[in-house]
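Close look at the chain arrangement
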Amino acid sequence: MPSNTNAMGALAAVQNDKSKILGVRMGRHTVEPGLHIPKAEARDEPVVRFDGANTSTKYMVVCLDLDAPHPSFPFLSPILHWIQPGLQAANEGGQRVLRASEPSISDYAPPGPPPGSPPHRYCFFLYGQPASLDGSKYASVDGAKMGLWSRMRYSLDTAEKELGLGPIVATNYFTSN
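Residues numbered from 1 in each chain as written. Predicted model: local features only at pLDDT ≥ 70, side-chain atom pairs only at ≥ 80, totals over all residues. Heavy atoms only, no water.

With an unreviewed UniProt entry as reference, the protein is termed Carboxypeptidase Y inhibitor, source organism Metarhizium brunneum.

**Some points on the pairing of strand 5 (residues 58–65)**
Burial of strand 5 is extensive: 7 of the 8 residues sit out of reach of the surface. Bridging between strand 5 and strand 6 (residues 79–92) involves 7 bridges; their strand directions are antiparallel. Directly across from C63, in strand 6, lies its bridge partner W82. Across 7 bridges, the pairing between strand 5 and strand 8 (residues 120–128) is antiparallel. Within strand 8, the residue paired with V61 across the bridge is L126. (Buried < 20%, exposed > 50% of the residue type's maximum accessible area, 1.4 Å probe, protein only. Helix = DSSP H or I, 4+ residues; strand = E, 2+ residues; numbered from the N terminus. Pairing = 2+ DSSP bridges.)

**Examining the environment of P118**
Relative to the helices and strands, P118 resides in the loop between strand 7 (95–100) and strand 8. On the basis of relative accessible area, P118 is assigned to the partly exposed category, the value being 32%. Note: C-alpha distance between P118 and P71 (47 residues apart in sequence) is 6.9 Å. In this structure P118 touches H70, P71 and N177, once residues within four positions along its chain are discounted. (Contact = heavy atoms within 4.5 Å.)

**So, the packing of aromatic side chains**
Considering all chains together, one arrives at 5 aromatic pairs under this definition. When the centroid spacing of 4.8 Å and the interplanar angle of 50° are considered together, the rings of F73 and F75 count as tilted. The exposure class assigned to F75 is partly exposed, which follows from its relative accessible area of 42%. The interplanar angle of 80° and the centroid separation of 6.5 Å between the aromatic rings of W82 and F124 together place this pair among those described as edge-to-face. On the criterion of sequence distance, the pair formed by W82 in strand 6 and F124 in strand 8 is long-range, its members being 42 residues apart. By relative accessible area, W82 is classed as buried at 2%. Three or more aromatic residues link up through ring pairs in this structure, and these residues are W82, Y108, Y122, F124 and F174. (Phe/Tyr/Trp six-rings, centres within 6.5 Å; stacked < 30°, edge-to-face > 60°.)

Given below as C-alpha cells:
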C-alpha cells in the first residue's frame, strides 16, 4: 500500500479535535466521522463545508477509499475517489459551504465495495490550495472520467508533494458497503 502518513495522522487527530472535522453531506446524510451510508445513497458528488474556511482562500478536497478491495486485504488501496480544487467558501444558511470554481482533477466516483465486503472507509481531506496551483492544468480533457486503473494504489503523500499542498486542514470519513 502506498504511503499515506499525513492522511492517517489527520484521521487520528480528528477524534480529539472536533474543529478539524470537515462537513460532508452525502445526499440526505450529514456525515459524522464513521457514519455508515449505504453505497446506493452515496452516489452523488458530496457537498463540503468548513466553518473555519477563509473566504479569500481556495481549498482542495481529496477523497480516498482506504480499504479496497477488502478491509483485511487492502492490496489495491487506497483508491482515489475525488480531487476537487478551486473550492471557495460561501455563506449559505449560516454555514461556510465550499463551492468549486475550477474543474475537478478527478471526478467523483461513488463507493463500490464488492459484494460481501465489510464496510470500506471513504475519507475526505481538505487542504489550503497553493496560490500558484493551477488545478485546470491537472483536469481531464473535455471532462473525461478518470479510469479505475489510474485511481488504484493512490499515494496521497506523493500528490501532496507534486501539488505543493501544505498540512491537512480538516478531514472526515464515512463507511459504506
